[in-house]
Amino acid sequence: MSIATPSPDLDDDDLDEPIPAMQQLLDNPFLLLFIGVAMPTVLYIIWGVMEIVGIPIAK
Amino acid sequence: MAINRNFRTCPTTGLVFHEQGEKLIRWNAVAGVVSLLVGGVLALLVILTRWPAVHLLPADWFYLALTAHGLDMLVFWIIFFEIAVLYFCASTLLRCRIAAPRWAWTGFFLMVIGALTNNVAVFRGDSSVMFTSYAPMGAHPAFYLGLILFAVGALIGLFVFLGTLVVAKSEKTYIGSLPLVTFGAVTACIIAVFTIASGAIILIPTFLWSLGLVNSIDSLMYKTVWWAFGHSSQQINVAAHVSIWYLIAAIVFGAKPMSEKVSRGAFLLYIFFLQLASAHHLLADPGLTSNWKIFNTSYAMYLAVLASMVHGLTVPGAIEVAQRQKGYNKGLFEWLRKAPWGNPVFSGMFISLIGFGFLGGISGVMMGTEQLNLIIHNTIYVPGHFHATVVVGTTLAFMSLTYFLIPVLFRRELMFPGLSKWQPYLFGLGMSGFAVFMMGAGTLGVPRRHWDMTFAGNPLGHEFPGAAYLMMGLMALSGLVAIVGGVAYLLITVGSVFFGKKIETPDFKAVTVREGRAAWPARQPVAVAIASHGNIGLGGFVAPGTFTLAMVFLVAFVLYYFVNWKYLSTVWPLS
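Quick caveat, the model's predicted, so the values are computed rather than measured.

Student: Please explain the overall build of chain A as it appears in this structure.
Tutor: For chain A, the helix and strand inventory stands at 2 helices and 0 strands. Looking at chain A as a whole, 29% of its 59 residues qualify as buried. Carbon and sulfur atoms make up 65% of the accessible area of chain A, which totals about 4100 Å².

Rendered as structure tokens:
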């Protein structure tokens, strides 16, 4: 099959050096998804909605 | 049910296509191009109405056409094509089967039904509420329902993309980190999840309000949350088209990023900060404090701008390095002069990059500054800016990629190859002129969206200077050139896909998980790493041409920024 050469049975554990924390973050799409949704939700939506809710109602 | 593990390898490029993945990429791309066709016809009508000398449509038809144009272009064309790009980046680049293809098809059909429902609602004539559909201006319930169905379908597509990454990792079809282009697609996906969630938060209650089940929608609350959807949807584009720039640099030149770490760091800045720029749409609204406005635009947004500047530097830098290594090493710009300007995959991508940076990027930073925003808020400058980003930047990048995909994905020869060489120039330069003249007219105060800039018959009329009419006329002429480029694109792509000569390639074959595993890359000898880039460049710079372009950009940026402060001082006298 020409599609790919099977890899030797090596795993991430076989690497000599530990993976840096920053690379672990970049390699984890679900952690990035959490951060990428949480940050604008807090800084843009929740903060913005709190400001609007805090506007005094005209009497 | 048996998992479909049928793959084929493109004999020209070596790219690997999963059978279901290929069909999904094709159909999403086709649905996108159909939306582009509808949106393009409407664009012509809008241009011919905003051109004061022609003023084609009556008011009600103009607002209908503008509403449908905005939705078909900014939502349906872009997101259909982006889903195709995401599947390509996950399935093809990682040589992996698509996760949950049935769910992917369900998502696709929901998107199609949603787009049709929304279009029908608009063309009925009672939903001419513009792309923004600001409450309390109400549309037919089908308008909101269509958008909600489309969003749900797109969300399913995003999770199929994420699922495919999980499958690729578990079946070890790649080793180590995701390729940079796929990482850029992950960035687009993350922004898209936030975008669609925000859309759901505001569009579901608005839909219920249109049915009479909710009493009222607060207009400022609507605007604030809606822009988390409306502007972030355009940030998906940024991440997607930047990924395509890297992809095309690799396809055409075999270029590798100058620094993968820096490029990934720039995508990370997008994930953290890009969506916050939505706040610049609310800079003139009194209900939100300056703290919220300035944090979200003038602090956080600049970090996203920094990321765009990094990409704008590293993509041409990577091309320059690749070209110099091939021997185009003379002077500052031989690498650029000897680039394949007749290849629409490259020319379109490079015009997209320059137009996005110089026109869209600089104007975006100006608009995101609270004080300067007052000069142009709600003028035609705003669509000038986003036609530079979304049309010159994103649409042209997508068009360029199409020229690569027609032979590789659709297995058809490109029809009208002579016309395809000119198409990126017609579309890119026409649309750049269109954006520049819109911005010029906006600086003179011409309002956006307004049917008649003469305000004929209005009790409170306003007379714009002759230069504003000149700008609007030039805008229309440039727009017509871009329309010709758009027609050429549709002619080439639709003609090639349906009538182009078939390219015979080896068909799909079943591949076991073990056969599909990625090979470990060969270790480079130390000498290669030490010697790399050693003999190219000028004056100690590996990419001096790109550095010069970056300096030109910086000077243009600074000058334009300060010219606008000077302009602000003249329109807003304090003495």
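Student: Honestly, the overall build of chain B in this entry has me stumped. Any pointers?
Tutor: When its secondary structure is counted, chain B shows 18 helices and 3 strands. Against the globule reference of 25 Å for 575 residues, chain B gives a C-alpha radius of gyration of 24 Å, in line with a compact fold. Taken along its principal axes, the extent of the C-alpha atoms in chain B is 75 × 60 × 50 Å. Expressed as a percentage of the 575 residues in chain B, the buried residues total 58%. Put simply, of all contacts in chain B between residues at least 6 apart along the chain, 83% involve residues at least 24 apart. Per element, the accessible surface of chain B, about 22400 Å² overall, is 70% carbon and sulfur. In chain B, 33 side chains carry a positive charge and 19 a negative one; their mean positions are 12 Å apart.

Student: Where do I start with the interface of chain A and chain B in this structure?
Tutor: Where interface size is given, it is often the accessible area lost as the parts come together that is meant. Contacts between the two partners involve 36 residues from chain A, matched on the other side by 50 residues from chain B. Buried area between chain A and chain B, summed over both chains or domains, comes out near 3800 Å², and the portion from carbon and sulfur atoms is 73%. On the surface where chain A and chain B come into contact, there are 0 salt bridges. Joining chain A to chain B, the criterion identifies 7 residue pairs in polar contact (both at pLDDT 80 or more). Among the elements of the structure, helix 1 (21-26) and helix 2 (29-53) of chain A are those that each provide at least two residues to the side of chain A that touches chain B. Counting residues per element, the side of chain A that touches chain B draws most heavily on helix 2 of chain A, which supplies 19 residues.

Student: What is the right way to look at a nonpolar patch on the surface in this model?
Tutor: There is a patch of nonpolar side chains on the surface, built from B:F541, B:F547, B:M551, B:L554, B:V558 and B:F562 and spanning about 540 Å² of accessible area. Within the fold, B:F562 resides in helix 18 (residues 544-571).

Student: What is the right way to read the sheet that holds strand 3 (residues 509-510) of chain B from this model?
Tutor: Where strands meet in a sheet, backbone hydrogen bonds hold them as pairs that are either parallel or antiparallel. All names here are of chain B. Taken together, the 3 strands give an open sheet; going across it, the order is 2-1-3, and neighbouring strands pair in antiparallel fashion. Both edges of this open sheet fall to strand 2 (16-18) and strand 3, since each of them pairs with a single strand only. When strand 1 (residues 6-9) meets strand 2, the two strands line up antiparallel, connected through 3 bridges. Bridge pairing in strand 2 places T9 opposite V16. Its contacts with the sheet place helix 1 (residues 19-50) against strand 1 and strand 2, and it is angled at close to 85° to strand 2.

Definitions and cut-offs
- Residues numbered from 1 in each chain as written.
- Chains lettered and ligands numbered in written order.
- Predicted model: local features only at pLDDT ≥ 70, side-chain atom pairs only at ≥ 80, totals over all residues.
- Heavy atoms only, no water.
- Helix = DSSP H or I, 4+ residues; strand = E, 2+ residues; numbered from the N terminus.
- Buried < 20%, exposed > 50% of the residue type's maximum accessible area, 1.4 Å probe, protein only.
- Areas by Shrake-Rupley, 256 points an atom, 1.4 Å probe, with all protein chains shown as cover.
- Rg over C-alpha atoms; globule rule 2.2 N^0.38 Å.
- Contact = heavy atoms within 4.5 Å.
- Lys, Arg positive; Asp, Glu negative; His and termini not counted.
- Charge placed at Lys NZ, Arg CZ, Asp CG, Glu CD.
- Buried area = accessible area lost by both parts, 1.4 Å probe.
- Salt bridge = Lys/Arg side-chain N within 4 Å of Asp/Glu carboxyl O.
- Polar contact = N/O pair within 3.5 Å; in protein donor to acceptor, adjacent residues only side chain to side chain.
- Patch = residues over 30% accessible without salt bridge, like charges linked within 9 Å, V, L, I, M, F, W, Y side chains within 5 Å.
- Pairing = 2+ DSSP bridges.
- Axes fitted to C-alpha atoms, helices over the stretch in contact; angles between N-to-C directions.

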